[in-house]
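Commentary on secondary and tertiary structure
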Amino acid sequence: MDSPVVVIGGAGRLGSLVTRRLLDDGSKVRVVSRNAQRGRLPLGVELHRADVRYADTLIPALSGCAAVVFSVEPGTAETGPDAPESTVYDGVRNALAAAAQFAEQPHFVLVSQIFVTRREHPMNAYGRLLDWRLRGEDAVRESGLPYTVIRPSWLTDDRTAGDRVRLEQDDRGDGWVSRSAVAEAVVQSLRGRAAVGRTFELYNEPGQPPADWGQLLGRLKPDPVLAHWGS
Ligand SMILES: NC(=O)c1ccc[n+]([C@@H]2O[C@H](COP(=O)([O-])OP(=O)(O)OC[C@H]3O[C@@H](n4cnc5c(N)ncnc54)[C@H](OP(=O)(O)O)[C@@H]3O)[C@@H](O)[C@H]2O)c1
């Protein structure tokens, strides 16, 4: 890709793995962060200061990009700037609006989470996190942009849950997945069209890592709302 992939949250734990993996793949990368220090980012990465809560900051940050990865920690306040409504609902909509401004429509990859359709889960007690995440996902699915929504299970920094990757699409499961497996899923989703218009959950289990991500992603059902993306 000649145009950069923008990684919003690209200085975070998952985001920095995505950034490195994209660089290894030969992609140009632009990290979007509120306050990351350039010296802490890999060489060759472009850095843009922006905050997803402020729409104006995102327009220069997303200019001319081939793809956007949104990996933003939501916060847990009930209301206000650190509430999930501000970050993973308004923030997602701000990023979508910025992405839609440009002639070339970028592939938008949203990192969400499992449990979003299970409102009764205790995580929803924190600023209605799950409700706002789901509304952010819906905004992505309805955006008209080519998109992929990835719902990781509980994140780990090691690979104790195993290397095999299991994808599901009914949001009924529970389990663990390494940040490196999620980073790989993000990068693989950006290759080709197999993951476009798809929403899926991601788990690790004992076994071998996927030999063929294309096949794994190719088995996913297109989302019902915008099934034409997959055809
Ligand atoms: N922890 C889990 O078990 C779990 C499970 C499933 C999904 N997830 C989700 O997976 C994603 C990655 O998780 P992680 O633990 O790797 O994240 P992380 O290390 O906490 O990084 C998240 C990034 O969010 C960015 N961010 C926060 N507020 C922002 C704002 N207003 N504008 C722009 N950027 C903002 C921060 O960037 P700067 O500080 O550089 O601005 C930070 O680097 C998150 O969305 C997380 O909620 C987590």
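The structure contained in this document is the topic of the report that follows. (Residues numbered from 1 in each chain as written. Predicted model: local features only at pLDDT ≥ 70, side-chain atom pairs only at ≥ 80, totals over all residues. Heavy atoms only, no water.)

It is worth spelling out the site of the ligand at this point. Every one of the 25 residues lining the ligand counts as a neighbour, but Ser-33, Arg-34, Val-72, Arg-133 and Arg-179 are closest to it. Here Leu-155 contributes a backbone N or O atom positioned 2.9 Å from an oxygen atom of the ligand. The fraction of the free accessible surface of the ligand (910 Å²) that becomes covered by protein chains is 86%. Looking at the shell around the ligand, the elements with two or more residues in it are α1 (13–24) and β7 (154–156). Of the residues that constitute the shell around the ligand, the class distribution is 10 nonpolar, 8 polar and 7 charged. (Near = heavy atom within 4 Å. Polar contact = N/O pair within 3.5 Å; in protein donor to acceptor, adjacent residues only side chain to side chain. Areas by Shrake-Rupley, 256 points an atom, 1.4 Å probe, with all protein chains shown as cover. Helix = DSSP H or I, 4+ residues; strand = E, 2+ residues; numbered from the N terminus. Nonpolar A, V, L, I, M, F, W, Y, C, P; charged D, E, K, R; others polar.)

Next up on the list: the side chain of Ser-189. Checked against the element boundaries, Ser-189 lands in helix α5 (residues 179–189). Residue contacts for Ser-189: discarding those within four places in its chain leaves His-107, Thr-148, Ile-150, Ala-195, Phe-200 and Leu-217. (Contact = heavy atoms within 4.5 Å.)

Next up on the list: the packing of helix α3 (residues 84–99) against helix α4 (residues 129–141). Between α3 and α4, the least distance of the axes is 8 Å, while the angle of their chain directions is 5°. One way to sum up the angle between α3 and α4 is to call them roughly parallel. Each of Pro-84, Glu-85, Val-88, Tyr-89, Val-92, Arg-93 and Leu-96 in α3 lies in contact with α4, whose residues at this interface are Leu-129, Trp-132, Arg-133, Arg-135, Gly-136, Ala-139 and Val-140. Of the residues in the contact of α3 with α4, the class split is 9 nonpolar, 1 polar and 4 charged. (Axes fitted to C-alpha atoms, helices over the stretch in contact; angles between N-to-C directions. Parallel < 35°, antiparallel > 145°, perpendicular 65-115°, else oblique.)

Our focus in this paragraph is the packing of aromatic side chains. The full count for this structure, using the stated rule, is 4 aromatic pairs. Ring plane angle 45° and centroid distance 6.5 Å describe the contact between Trp-154 and Trp-176, whose orientation is recorded as tilted. With Trp-154 in strand β7 and Trp-176 in strand β9 (residues 176–178), this pair connects stretches of sequence that are 22 residues apart. Members of the aromatic cluster, each reached through a chain of ring pairs, are Phe-115, Trp-154 and Trp-176. (Phe/Tyr/Trp six-rings, centres within 6.5 Å; stacked < 30°, edge-to-face > 60°.)

Moving on to helix α2 (residues 55–62). Buried within α2 are the following residues: Leu-58, Ala-61 and Leu-62. Buried residues of α2, viewed axially, fall in a sector of 80°; they line one side. Considering only its buried residues, α2 is in contact with β1 (5–8), β2 (29–33), β3 (46–49), β4 (67–70) and α3. Positive backbone phi, at 65°, marks Gly-64, one or two positions downstream of α2. (Buried < 20%, exposed > 50% of the residue type's maximum accessible area, 1.4 Å probe, protein only. Arc of directions from axis to C-beta.)

We now examine the pattern of salt bridges. Side-chain pairing between opposite charges can occur once the charged atoms of the two side chains come close. Counted by the stated rule, this structure contains 19 salt bridges. In this structure, Glu-137 engages Arg-151 in a salt bridge whose closest nitrogen and oxygen atoms are separated by 2.7 Å. In this pair, Glu-137 is assigned in helix α4 and Arg-151 in strand β6 (residues 147–152), connecting sequence segments 14 residues apart. Like Glu-137, the residue Arg-151 is buried in the burial classification. (Salt bridge = Lys/Arg side-chain N within 4 Å of Asp/Glu carboxyl O.)

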